[in-house]
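Now for the letters of each chain:
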Amino acid sequence: MTEPRHYFLADSLVAGYVQGVDILQGCHIALQQGEMVGIIGPNGAGTSTLLKAVFGLVPVRKGVVMFRDVDVTGREAHELVSMGIGYVPQRDNVFPSLSIEENLRMGLYLRPRDWEQRRAYVVSQFPMLGARHRQRAGSLSGGERQLVAMARALMMNPEVLLLDEPSAGLSPSMQDEVFEHIVRVNADGISIVMVEQNARRCLEIVHRGYVLDQGRNAYEGTGRELLTDPKVIEMYLGTLATD
Amino acid sequence: MRVADLAQILVQMVTQGVIYALLAMGIAIVYRTSRVLNFAHGELMVVGVFVFYVLDTNPIRPLPYPVAAAVAIGVTIAIGMVLHLVAVESASWVTAAIIIVLVTAALAGRSGPAVWILGAPAAAVAAWALRRTSVRGLGGSLGWILGTIAFAVVLQEGLVALIGSSEDQQLIPGLFSSFGTIRLGSVVIAGEYVATAACAIVVVIGLDVIESRTRFGRAMKAVAANKEASALMGIDVRRVVYGAFALAAASAVVAGLLVTPLTFAKPTSGPTFTIIALTAALLGGIDSVRGAALGGLVLGALEIGLGRLLDEISRLGGEGAVPLLSLRNAIVMSLLIALLVLRPQGLFGGRAVEKV
């Protein structure tokens, strides 16, 4: 199989929730196979909107989204899931009335036959889920829910995982645990696009990062480059350094 | 009242209860997945029954019972899906178009067949065209209320136009109409009721199995809990909602085919059954298919039981006594209101899980 020219790419995206109001005004991101990319930016920069637009949850007005050289612009979320792209939303990311195990089963809705194998894989990655599989997801802490949501997205064995602010609202120790899991999932060969408000921690673990400002790309580079770029520090990291 | 009577009353209570359960389940299946109360549920049932009636009893080419029933279910499923398309998904404009047709019909003085046969498709086309312009609004998020009510009116008026006078009672042939009576000592019960109840119980259990055991049922549960998260599971939410409308339409026809041989049917019976189905679902718990089914069982049994009780009481009063039977529905509805004050989630509805 030849390498796709565009593994995963969003180019010149213009998108917004309401007609006439474009949150994204021509963003672009590219992801290589196996890579982990972070998207940071101040509140309202459109980072989460970018992820949602890529995943078909926000209408794309202009621009293109490519996956393995196939134009997937505007495809609905359920189609992208079956193509091998997973998405973990920031909030409401589990079925609270269902148990952990039922949540995982839901994640495998399209391929119920793979249950034993996928369950074994996910439990090896997240041992906590196996031990507490009967517990209702609604009774878990925010961090535990985040892990359940990630595990559920992994049930479909995705190639690309989109994570929307995985550390939002978590305690510092729980943030550490979530980031460790993300690094491990990436090391397992799954390409990751992550939107984060904790910019410093995010840039420490990603291969490359994009800084958005007011719906446009402001800076891009490797995580290390951005961490040490005086302009980025001044604009985005300075205030966060005291975190 | 004799003991022998009591047995027959109990059988009737169960029969009506199970059929009401079936109707209520249809309401709950649709409500859970789409948050829509289908005000045209009774009309779907009546339309299905009359499609069956015409196919099965027409003098030109009568079809055998199973074929006619299957076609009727198929046609009603299609109508149920159109109902969702025009009355829910594009509710605002369709509602406007339907109202235009209703006004036209009123101006024409009669709702003659021509107005409906020409008007209904014209309204559908107009609605589609208006929807294409992508201007939304009018009905807003509650457009489905007007949408389903308007759709119900169109179905009923269409049926009246095609079948004839709205007061014509038709005896619908039943699968079990030829069944005799069952004797157990001095107790005599009508075999038709027993067979109907048994058949309805099988269908209720079948629906419950679909809901709780199948992949489609799981998808409905997921959509009921969280539409956005369901899409992330690879569930095609739109298809699931259409499936729910189809399943509800099919169950409504089955309920109709079972109940109308016992009661007669007329083209204007729809609203009565819609109210029954909604009441039963609310009574049991509209957010749970099993709860709604139990609500149907309670409502159906209560109606028969209470009716007989009021009858007996009036009879004690002798010749000139006031017939109390007319109080039945008032009593049932008062009980429902009292219940909803005390338990808003219904008799058997679970506690709603609030998002944190």
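Since the model is a prediction, treat every value here as computed from it, not as a measurement.

**Student:** What is the right way to look at the interface of chain A and chain B in this model?
**Tutor:** One widely used convention gives an interface's size as the accessible area the parts lose upon coming together. If you look at the interface, chain A gives 21 residues, while chain B gives 18 residues. In terms of surface lost to chain B, no three residues of chain A exceed His78(A), Phe95(A) and Tyr109(A), which account for 36% of the buried area on that side. The tally of links from chain A across to chain B stands at 2 residue pairs in polar contact (both at pLDDT 80 or more). Of all elements in the fold, only α2 (77–83), α3 (100–107) and α6 (142–154) of chain A reach the threshold of two or more residues within the side of chain A that touches chain B.

**Student:** When you look at the side chain of His84(B) in this model, what are you seeing that I'm missing?
**Tutor:** Residue and element names in this part refer to chain B. Within the secondary structure, His84 sits in helix α3 (residues 65–89). With relative accessibility at 4%, the residue His84 sits in the buried group. Contacts of His84, omitting those with residues within four sequence positions, involve Glu89, Val241, Tyr242 and Phe245.

**Student:** What should I look at first to understand α3(A) in this one?
**Tutor:** Quick reminder: α-helices carry 3.6 residues per turn. Residues three or four places apart thus point the same way. Listing the buried residues of α3(A) in full gives Ile100(A), Asn103(A), Leu104(A), Met106(A) and Gly107(A). Buried residues of α3(A), seen end-on, are gathered within an arc of 155° and therefore sit on one face of the element. Buried residues in α3(A) make contact with α4 (115–125), α5 (127–131) and α6 of chain A together with α8 (215–225) of chain B.

**Student:** Is there a simple way to explain the confidence of the model for chain A in this structure?
**Tutor:** Low pLDDT means the predicted atomic positions in that stretch should not be read closely. For chain A, per-residue confidence averages 89 on the pLDDT scale, and residues scoring 70 or more make up 97% of the total. Ranking the elements of chain A by mean pLDDT puts helix α10 (residues 230–237) of chain A last with 81 and strand β8 (residues 191–195) of chain A first with 96.

**Student:** It is not clear to me how the sheet that holds strand β6 (residues 85–88) of chain A should be interpreted in this structure. Could you clarify?
**Tutor:** Sheet strands pair via backbone hydrogen bonds, and the direction of the pair is either parallel or antiparallel. All names here are of chain A. Reading across the sheet, the 6 strands line up as β6-β7-β8-β3-β9-β10 and stay open at both edges, with mixed pairing between neighbours. Looking at which strands have only one partner, the edges of the open sheet turn out to be β6 and β10 (216–222). On average, each strand axis in the sheet is tilted by 15° relative to the strand beside it, whichever way the strands run. Relative to β8, strand β3 (residues 36–40) runs parallel, the two being bridged by 4 bridges. Bridge pairing in β8 links Gly38 to Met194. The sheet strands contacting helix α1 (residues 47–54) are β3, β6, β7 (160–164), β8 and β9 (208–213), and the helix crosses β7 at an angle near 145°. Across the sheet, α6 is in contact with β6 and β7; its angle to β6 comes to roughly 165°.

**Student:** What should I look at first to understand the side chain of Glu89(B) in this one?
**Tutor:** Residues and elements named next belong to chain B. Here Glu89 shows up in helix α3. Polar side-chain contacts of Glu89 include one of 2.7 Å to the side chain of Arg238. At a separation of 3.1 Å, a polar atom in the side chain of Glu89 contacts the side chain of Tyr242.

**Student:** Honestly, the packing of helix α2 (residues 41–57) of chain B against helix α10 (residues 237–263) of chain B in this entry has me stumped. Any pointers?
**Tutor:** How two helices pack is summed up by the angle between their axes together with the distance between the axes. Residue and element names in this part refer to chain B. Axis separation between α2 and α10 bottoms out at 8 Å; the angle between their running directions is 60°. The angle between the axes of α2 and α10 places the two elements in the oblique class. Crossing hand, α2 versus α10: right-handed. Where α2 approaches α10, its residues His41, Leu44, Met45, Gly48, Val49 and Phe52 are matched on the opposing element by Ala248, Ala249, Ala252, Val253, Gly256, Leu257, Val259 and Thr260. Its residues assigned to classes, the contact of α2 with α10 shows 10 nonpolar, 4 polar and no charged.

**Student:** How do you make sense of unusual backbone geometry when you look at a structure like this?
**Tutor:** Most peptide bonds take the trans configuration, and most residues that are not glycine carry a negative phi. Residues and elements named next belong to chain A. Even without a glycine there, the phi angle at Ser12 is positive, about 50°. With respect to the helices and strands, the residue Ser12 is situated in strand β1 (residues 8–15). Residue classification places Ser12 among the partly exposed residues on the basis of a relative accessible area of 39%. Positive phi outside glycine occurs at Arg68, with the angle close to 50°. With respect to the helices and strands, the residue Arg68 is situated in the loop between β4 (60–67) and β5 (70–71). Residue classification places Arg68 among the partly exposed positions, given a relative accessible area of 24%.

**Student:** Just checking my understanding: could you explain the pairing of β8(A) for this structure?
**Tutor:** A regular strand carries its side chains on alternate faces of the sheet. Residues and elements named next belong to chain A. Taking burial as the measure, the 5 residues of β8 include 5 buried ones, the bulk of the element. Residues Ser191, Val193 and Val195 point to one face of β8 and Ile192 and Met194 to the other, with burial holding for every one of them. Here β7 runs beside β8; their pairing, made up of 5 bridges, is parallel. Each residue of the ladder has a partner; that of Leu162, found in β8, is Val193.

**Student:** What am I meant to see in the environment of Val58(A) here?
**Tutor:** Residues and elements named next belong to chain A. Within the secondary structure layout, Val58 lies in the loop between α1 and β4. Between the C-alpha atoms of Val58 and Gly16, which are 42 residues apart in sequence, the distance is 6.5 Å. With sequence-adjacent residues up to four places away left out, Val58 is seen in contact with Ala15, Gly16, Tyr17, Thr49, Lys52 and Ala53.

**Student:** In this structure, what is going on with the confidence of the model for chain B? I would like to understand it.
**Tutor:** Residues and elements named next belong to chain B. Per-residue pLDDT for chain B has a mean of 84; in total, 81% of the residues score no lower than 70. Within chain B, helix α4 (residues 91–108) has the poorest average pLDDT of any element, 62, and α10 the best, 95. Confidence over residues 134–140 falls short of pLDDT 50; this stretch has 8 contacts with residues more than four positions distant or in other chains. Residue range residues 352–356 is modelled with pLDDT below 50. Its contacts to residues more than four positions away, or to other chains, number 5 contacts. Across the whole predicted complex the pTM is 0.83, and at the interface the ipTM reaches 0.79.

**Student:** Could you clarify how one ought to interpret the pattern of salt bridges in this entry?
**Tutor:** It is possible for side chains bearing opposite charge to pair when their charged atoms get close. Summed over the entire model, instances satisfying the criterion amount to 16 salt bridges over all chains. Among the ionic pairs, Arg201(A) bridges to Asp176(A), the shortest N-O distance being 2.6 Å. Of this pair, Arg201(A) sits in helix α8 (residues 199–205) while Asp176(A) sits in helix α7 (residues 172–187), and the two are 25 residues apart along the sequence. On the accessibility criterion, Arg201(A) (25% relative accessible area) is partly exposed. Salt bridges linked by common partners bring Arg308(B), Asp311(B), Glu312(B) and Arg315(B) together as one network.

**Student:** Looking at this structure, I do not really get the sheet that holds β5(A). What am I missing?
**Tutor:** Residue and element names in this part refer to chain A. Across the sheet, 4 strands lie side by side as β2-β1-β4-β5; this open sheet has antiparallel pairing. The sheet terminates laterally at β2 (24–31) and β5, the two strands that pair on one side only. One ladder, built from 2 bridges, connects β4 with β5; its direction is antiparallel. Within β5, the position partnered with Phe67 by the bridge is Val70.

So, how was this worked out
Sequence order as written defines the numbering, with residues in each chain counted from 1. Chains carry letters and ligands carry numbers; both start at the beginning, A for chains and 1 for ligands, and go up in the order they are written. Only residues with pLDDT of at least 70 are given local features in this predicted model, and only at 80 or more are side-chain atom pairs given and counted; all residues enter the totals for whole chains, interfaces and linings. For the side-chain quantities, the full set of heavy atoms in the structure was used; hydrogens and water were omitted. The contact criterion used throughout is that any non-hydrogen atoms of two residues lie within 4.5 Å. By buried area we mean the combined loss of accessible area, with a 1.4 Å probe, across both parts when two parts are placed together. Polar contacts, as used here, are pairs of N or O atoms within 3.5 Å; protein pairs need one atom able to donate a hydrogen and one able to accept it. Residues neighboring in sequence count only if both atoms are side-chain atoms. Every helix listed is a DSSP run of H or I at least four residues long, and every strand listed is a run of E at least two residues long, numbered separately from the N terminus. The classification of residues rests on relative accessible area computed with a 1.4 Å probe and restricted to protein chains. Under 20% of the type maximum is buried, over 50% is exposed, and intermediate values are partly exposed. By arc we mean the arc of the directions from the helix axis to the C-beta atoms, nothing more. What pLDDT expresses is the predictor's confidence in each residue, scored from 0 to 100. At least two bridges found by DSSP between two strands is the condition for calling them paired. Axis definition: a line fitted to C-alpha atoms, over the contacting stretch in the case of helices. Angles run 0 to 180 degrees between N-to-C directions. Orientation labels follow simple angle bins: below 35 degrees gives roughly parallel, above 145 gives roughly antiparallel, 65 to 115 gives roughly perpendicular, and whatever is left gives oblique. With the far helix as reference, a near helix turned anticlockwise by less than a right angle produces a left-handed crossing, and one turned clockwise produces a right-handed crossing. Three classes are used: nonpolar for Ala, Val, Leu, Ile, Met, Phe, Trp, Tyr, Cys and Pro, charged for Asp, Glu, Lys and Arg, and polar for all others, with Gly counted as polar. Take a side-chain nitrogen of Lys or Arg and a carboxyl oxygen of Asp or Glu: if they are within 4 Å of each other, that pair is a salt bridge.

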